[in-house]
Amino acid sequence: ETGVTQTPRHLVMGMTNKKSLKCEQHLGHNAMYWYKQSAKKPLELMFVYSLEERVENNSVPSRFSPECPNSSHLFLHLHTLQPEDSALYLCASSQASMADTQYFGPGTRLTVL
Amino acid sequence: RKEVEQDPGPFNVPEGATVAFNCTYSNSASQSFFWYRQDCRKEPKLLMSVYSSGNEDGRFTAQLNRASQYISLLIRDSKLSDSATYLCVVNSDAGNMLTFGGGTRLMVKP
């Protein structure tokens, strides 16, 4: 299934590094999301974009910076992360309404050393 | 109170068993309800939406009880391949966002 793709699949970075996660959806959807999934915790919504405009920032630290250049692409720029930021970062997209079914990418497993 | 609450399990059942999960939600105004399935180290995938009148998809039956604010998922004739974490998803208190429960882990044994 290639509806929503994410790169890289795995990332190890130091606390002083800067890296970016990329997400691309091929479903013609208008809304895209970033979630964080830590071990034994529910998915946490980080950012929501609808028609390329950010409509929700769930009190995420500024060391995470999203970018949505068009309705098919979503980035998450990372800088000066902490070890507790290690998690699975999932991208999702949905047709229009944010209550619609969301389709997830395979995720990027991030480890911060 | 958590917005969406699930028993984390694990539920260990033999093949062929019937198993049911419940999920409670706090926002009485929630309108959209889903069950997602997440395999180990994979992304969540939609299993089924939950409709007011209840709905069935093969071996899976979803029910909604608005008065008690809970959703259930019934799996009949469990297969080994049903082993996964099942996520309950509803509108969040913020209005139009989806909130995920922590998931219930199911392990089907031979």
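Quick note: structure is the one above.
Residues numbered from 1 in each chain as written. Chains lettered and ligands numbered in written order. Predicted model: local features only at pLDDT ≥ 70, side-chain atom pairs only at ≥ 80, totals over all residues. Heavy atoms only, no water.

Brief notes about the interface of chain A and chain B
At step 1: Listed by partner, the interface residues are 19 residues for chain A and 17 residues for chain B.
At step 2: Together chain A and chain B conceal approximately 1500 Å² of surface at their shared face, both sides included; 58% is due to carbon and sulfur atoms.
At step 3: Linking chain A with chain B are zero salt bridges, by the criterion used here.
At step 4: Between the two partners, chain A and chain B, sit two residue pairs in polar contact (both at pLDDT 80 or more).
At step 5: Per-class residue counts for the side of chain A that touches chain B are ten nonpolar, five polar and four charged. (Contact = heavy atoms within 4.5 Å. Buried area = accessible area lost by both parts, 1.4 Å probe. Salt bridge = Lys/Arg side-chain N within 4 Å of Asp/Glu carboxyl O. Polar contact = N/O pair within 3.5 Å; in protein donor to acceptor, adjacent residues only side chain to side chain. Nonpolar A, V, L, I, M, F, W, Y, C, P; charged D, E, K, R; others polar.)

Focus: the sheet that holds strand β7 (residues 64-70) of chain A
Residues and elements named next belong to chain A.
At step 1: The sheet built from four strands is open, its strands ordered β1-β3-β8-β7 with antiparallel pairing. Strand pairing shows two members of the sheet lacking a second neighbour, β1 (4-7) and β7, which therefore form its edges. Sheet twist, expressed as the average angle between the axes of neighbouring strands with direction ignored, equals 20°.
At step 2: Taken together, the seven bridges between strand β3 (residues 18-25) and strand β8 (residues 73-79) define a ladder with antiparallel strand orientation. Opposite Lys 22, over in β8, you have Phe 75 as the bridge partner. (Pairing = 2+ DSSP bridges. Helix = DSSP H or I, 4+ residues; strand = E, 2+ residues; numbered from the N terminus. Axes fitted to C-alpha atoms, helices over the stretch in contact; angles between N-to-C directions.)

Quick notes on the packing of aromatic side chains
At step 1: Applying the stated criterion across every chain yields a total of eleven aromatic pairs over all chains.
At step 2: Taken together, A:Tyr33, A:Tyr35, A:Phe104, B:Phe34, B:Tyr36 and B:Phe100 form an aromatic cluster joined through their ring pairs. (Phe/Tyr/Trp six-rings, centres within 6.5 Å; stacked < 30°, edge-to-face > 60°.)

These figures capture arrangement, not role.
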